[in-house]
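Residue-level listing of the chains:
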Amino acid sequence: MSDNQKQFDAAIVGGGVIGCAIAWRLAQGGMRVAVIERGDIGREASFAAGGMLVPLAEADEADDLFHMCVASRAMYADFAHELQQASGINVEYRTEGTLYLSLTEHDDEELERRWQWQHAAGLNVKRLNADCARKLEPQINPQLRWALKFPDDHQINNRLLIAALHTAARNAGVEFQTQTEVESLLIESLLIESRAGRKQIVGVRTSRGEVISKTVIVAAGSWSSLLKTEAETSLPNLNVAPVHGQMIAVEMPSPAVNHTIYSCRAYVVPRLGGFVIAGSTSDKFGFEKRVTAGGMASIIERAKEILPGFADLAVTETWSGLRPRAADGLPVIGADDSVAGLVYATGHYRNGILLTPITAQAVSEIVLKGESGVQLSAFSPQRFARLQADGSKP
Ligand code: FAD
Ligand code: GLY
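Before going into details, it helps to say that this report is about the structure given with it. (Residues numbered from 1 in each chain as written. Chains lettered and ligands numbered in written order. Predicted model: local features only at pLDDT ≥ 70, side-chain atom pairs only at ≥ 80, totals over all residues. Heavy atoms only, no water.)

1. Details of the overall build of the protein
Counting secondary structure elements, the protein contains ten helices and 21 strands. Since a compact globule built from 394 residues should have a radius of gyration of about 21 Å, the 22 Å found for the protein is in line with a globular shape. Taking the principal axes of its C-alpha atoms as reference, the protein extends roughly 75 × 45 × 40 Å. In the protein, the share of contacts with a sequence separation of at least 24, taken over all contacts with a separation of at least 6, comes to 74%. For the protein, the computed accessible surface area is about 16800 Å², with 48% contributed by carbon and sulfur atoms. Here the protein holds 38 positive side-chain charges and 45 negative ones, and the gap between their average locations is 1 Å. (Helix = DSSP H or I, 4+ residues; strand = E, 2+ residues; numbered from the N terminus. Rg over C-alpha atoms; globule rule 2.2 N^0.38 Å. Contact = heavy atoms within 4.5 Å. Areas by Shrake-Rupley, 256 points an atom, 1.4 Å probe, with all protein chains shown as cover. Lys, Arg positive; Asp, Glu negative; His and termini not counted. Charge placed at Lys NZ, Arg CZ, Asp CG, Glu CD.)

See below:
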């Protein structure tokens, strides 16, 4: 091995919440793990998020993604506790629940539809009249018609989650290589009876040298589809692209808001320490992360519908991030069919913070045991290639 080569049992491309959580679990399983991150740890989508753990507030139907989100939500209390033990960092897991407001006749229909399917499915959703909802949150719009409450849709502080995962993984022995870009995946053809047979990942080439590893996990968020190989091996098209979202934080002195509050057009999320954050937008600006005047104006307008006093509050921060979205909006989790040792964990789109515990469990089981108990067939990395072979468009 040359001076600029390092050897690990697993190399992870990308140090967002997904890469860090997988690294932590693999190191707990006894592996020597490297996380290779182009910038600083957790400064992309994972930093930009709202930290909401809200499958009921965001789902339109009980599909595969919804079931995975609910399963991950159920893991969160223990996950947050274990992380605190391992890192000494409290991720501010909050259980006040989420309110969803109806402010117009059109909203009535949307909330009614949501109530019907969720109630019929036996999910924990409650109808509140305007007085009840305003007793819970006196600062919400007096024009409120009625509301839903999702008592089990909780939240954490995602920036503390990054810090906790980073510390826990480091304490477990993970090596973080920051300011280091993965330039290509290194793949070898295995010769079987003198013929080229199955392919094997053997590491990654980075801007600082080679990392040798027989397991490589692609957790590169919105950039996952850009990774190249040096061998004549084409990777499955993951179809992951960035969806730009903007956020604003304002100071909110007491009486503070306690619940995450949705309308059909925006959400506001309380943070400890007298802040609320509001979002978001959804645009295709490529990989550019500008904060736009129009984006801010529309978030403020829509946040005012929820909290009429919002526009008078002092702005402390504005930012944007890139949600990693696969063409069908579902995550991409699982092993590559044709390259042994190559595993994907990306495309978490609007739910990557929520899906962190279950993704880390699924991927670490695949790597450590060869298969996972988590139901992953809908999220297969091969699904787009299959669609192409069938002649259907993803
Ligand atoms: P990222 O955090 O983007 O991390 C990927 C990392 O890979 C980056 O750090 C990047 O630098 C690195 N990388 C890429 N290419 C390379 C390379 N070649 N070499 C080395 N490193 C590389 N989810 C929720 O569950 N709840 C929410 O409330 C929520 N709110 C959101 C609000 C907004 C405005 C946005 C933008 C997203 C929100 N999300 C939310 C979604 C969530 O943030 C993402 O799904 C999640 O953060 C994805 O995590 P990740 O680790 O896959 O990606
Ligand atoms: N899940 C919230 C967002 O992506 O904006």
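2. Concerning helix H7 (residues 158-171)
Taking 1.5 Å per residue, 14 residues should reach 20 Å; H7 reaches 20 Å between its end C-alpha atoms and fits that length. Along H7, the positions that sit buried rather than exposed are Asn-158, Leu-161, Ile-162, Ala-164, Leu-165, His-166, Thr-167, Ala-168 and Ala-169. On its buried face, H7 sits against helix H1 (17-28), helix H2 (45-48), helix H4 (64-87), strand S9 (175-177), strand S16 (267-271) and helix H9 (356-369). Two to three positions downstream of the cap, the backbone nitrogen of Arg-159 sits 3.0 Å from a side-chain oxygen, assigning the N-cap of H7 to Asn-157. A positive phi of about 105° marks Gly-173, the residue just after H7. (Expected span 1.5 Å × (residues − 1). Buried < 20%, exposed > 50% of the residue type's maximum accessible area, 1.4 Å probe, protein only. Polar contact = N/O pair within 3.5 Å; in protein donor to acceptor, adjacent residues only side chain to side chain.)

3. Points about the site of ligand 2
Lining the immediate surroundings of ligand 2 are Met-52, Glu-58, Tyr-267, Ser-280, Arg-323 and Arg-350. The separation between an oxygen atom of ligand 2 and a polar side-chain atom of Tyr-267 is 2.7 Å. Measuring from a nitrogen atom of ligand 2, one finds a backbone N or O atom of Arg-350 at 2.9 Å. Out of a free accessible area of 200 Å², ligand 2 has 88% covered by protein chains. Along the lines of polarity and charge, the residues of the shell around ligand 2 split into two nonpolar, one polar and three charged. (Near = heavy atom within 4 Å. Nonpolar A, V, L, I, M, F, W, Y, C, P; charged D, E, K, R; others polar.)

4. Some details on the packing of H4 against H9
Between H4 and H9, whose axes approach to 7 Å, the crossing angle comes to 95°. Compared by their axis directions, H4 and H9 come out roughly perpendicular. For the pair H4 and H9, contact is made by Met-68, Ala-71, Ser-72, Met-75, Tyr-76 and Phe-79 and by Thr-356, Pro-357, Ile-358 and Gln-361, respectively. Among the residues making up the contact of H4 with H9, the classes are represented as seven nonpolar, three polar and no charged. (Axes fitted to C-alpha atoms, helices over the stretch in contact; angles between N-to-C directions. Parallel < 35°, antiparallel > 145°, perpendicular 65-115°, else oblique.)

5. Describing the layout of surface pockets
By volume, the second largest pocket is sized at about 720 Å³. Looking at side-chain class alone, the lining of the second largest pocket contains 14 nonpolar, nine polar and 13 charged residues. (1 Å grid on protein atoms, 1.4 Å probe; cavity = no way out; pocket = protein on both sides within 12 Å on 5 of 7 lines; lining within 4 Å. Points joined across faces, edges and corners; volume = space filled by probe spheres on them.)

6. Some points on the site of ligand 1
Around ligand 1, a shell composed of 38 residues is seen, among which Glu-37, Ser-46, Met-52, Tyr-349 and Leu-354 lie nearest. Ile-18 places a main-chain nitrogen or oxygen 3.2 Å from an oxygen atom of ligand 1. The contact in question runs from an oxygen atom of ligand 1 to an N or O atom on the backbone of Leu-354, over 2.8 Å. Summarising the interface, the protein chains cover 98% of the accessible area of ligand 1, which totals 1000 Å² for the free molecule. Secondary structure elements with two or more residues in the shell around ligand 1: H1, H2, strand S14 (240-251) and strand S18 (315-326). Its residues assigned to classes, the shell around ligand 1 shows 18 nonpolar, 14 polar and six charged.

7. Points about the nonpolar core
Judged by nonpolar contacts, the single largest core of 54 residues is most densely connected at Ile-12, Ile-22, Leu-26, Leu-83, Leu-161, Leu-165 and Ile-217. Broken down by secondary-structure element, the contributors of at least two residues to this core are strand S2 (10-13), H1, strand S3 (33-36), H4, H7, strand S21 (342-346) and H9. The element contributing the most residues to this core is H1, with nine residues. Setting aside residues up to four positions removed in sequence, Ile-12 forms contacts with Gly-19, Ile-22, Ala-23, Leu-26, Val-33, Ala-34, Val-35, Ile-36, Ile-217 and Ala-219. Leu-99, Leu-101, Ala-266 and Ile-306 belong to the second largest nonpolar core, which has 24 residues in total. (Core = buried A, V, L, I, M, F, W, Y, C linked by side-chain atoms within 4.5 Å.)

8. Concerning unusual backbone geometry
Cis geometry is found at the peptide bond from Gly-279 to Ser-280, where omega equals -15°. We note that Gln-179 has phi near 50°; this positive angle belongs to a residue other than glycine. Structurally, Gln-179 can be placed in the loop between S9 and strand S10 (182-192). Overall, Gln-179 belongs to the partly exposed group, its relative accessible area being 42%. One non-glycine residue, Tyr-349, lies in positive phi territory at about 45°. Within the secondary structure, Tyr-349 is located in the loop between S21 and H9.

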